[in-house]
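Summary of structural features
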Amino acid sequence: MITLIINGKEETIEPTDIDTFLKSRSIDKEEVVVELNKKILKRDSLKDITLNDNDVLEVIRFVGGG
């Protein structure tokens, strides 16, 4: 188990790559921007990046409106 900050909240999860993490939360990677430790990630690299203990992950979803 690893502990990380996800969108400002501490969570403990199984070690995984970011793509699998997003799928486990029913998040479509095409609809979000992913930031890991203050660095915005390219969508095509999410399968290759494993989350580690003490990482800070931000998943940002854009919502239209007026």
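Coordinates for the structure precede this section.
Next up on the list: the overall build of the chain. Each helix and strand in the chain was counted, giving one helix and five strands. The globule rule puts the C-alpha radius of gyration for 66 residues at 11 Å, and the 12 Å found for the chain is close to it. Counting only C-alpha atoms and orienting by the principal axes, one finds that the chain spans roughly 40 × 25 × 20 Å. A burial count over the chain gives 32% of its 66 residues as buried. Taken as a whole, the chain presents about 4600 Å² of accessible surface, with 48% of it coming from carbon and sulfur. Side-chain charges of the chain comprise 10 positive and 14 negative groups, with the mean position of each set lying 4 Å from the other.

Once that is clear, we can look at the sheet that holds strand S2 (residues 9-13). Note: strands within a sheet are paired through backbone hydrogen bonds, in either parallel or antiparallel orientation. Within the open sheet, the five strands sit side by side as S2-S1-S5-S3-S4. Their pairing is mixed. Of all the strands in the sheet, the pair left with one neighbour each is S2 and strand S4 (39-40). Note that strand S3 (residues 32-36) and S4 share two bridges and pair antiparallel. Pairing of Leu36 across the sheet is with Lys39, part of S4.

Time to look at the pairing of S2. Bridging between strand S1 (residues 2-6) and S2 involves five bridges; their strand directions are antiparallel. If you follow Leu4 over to S2, its bridge partner there is Glu11. Hairpin geometry of S1 and S2 is characterised by an intervening segment of two residues between the two adjacent antiparallel strands and by a positive phi of about 50 degrees at Asn7.

This part covers unusual backbone geometry. For Ser26, which is not a glycine, the phi torsion comes out positive at approximately 55 degrees. Within the secondary structure, Ser26 is located in the loop between helix H1 (18-24) and S3. Take Ser26: its relative accessible area is 66%, and that puts it in the exposed class. Phi at Asn37 takes a positive value of approximately 50 degrees, unusual for a residue other than glycine. Judged by its relative accessible area of 40%, Asn37 falls in the partly exposed class.

Conventions and cut-offs
- Residues numbered from 1 in each chain as written.
- Predicted model: local features only at pLDDT ≥ 70, side-chain atom pairs only at ≥ 80, totals over all residues.
- Heavy atoms only, no water.
- Helix = DSSP H or I, 4+ residues; strand = E, 2+ residues; numbered from the N terminus.
- Rg over C-alpha atoms; globule rule 2.2 N^0.38 Å.
- Buried < 20%, exposed > 50% of the residue type's maximum accessible area, 1.4 Å probe, protein only.
- Areas by Shrake-Rupley, 256 points an atom, 1.4 Å probe, with all protein chains shown as cover.
- Lys, Arg positive; Asp, Glu negative; His and termini not counted.
- Charge placed at Lys NZ, Arg CZ, Asp CG, Glu CD.
- Pairing = 2+ DSSP bridges.

Distances and angles like these do not, on their own, reveal function.
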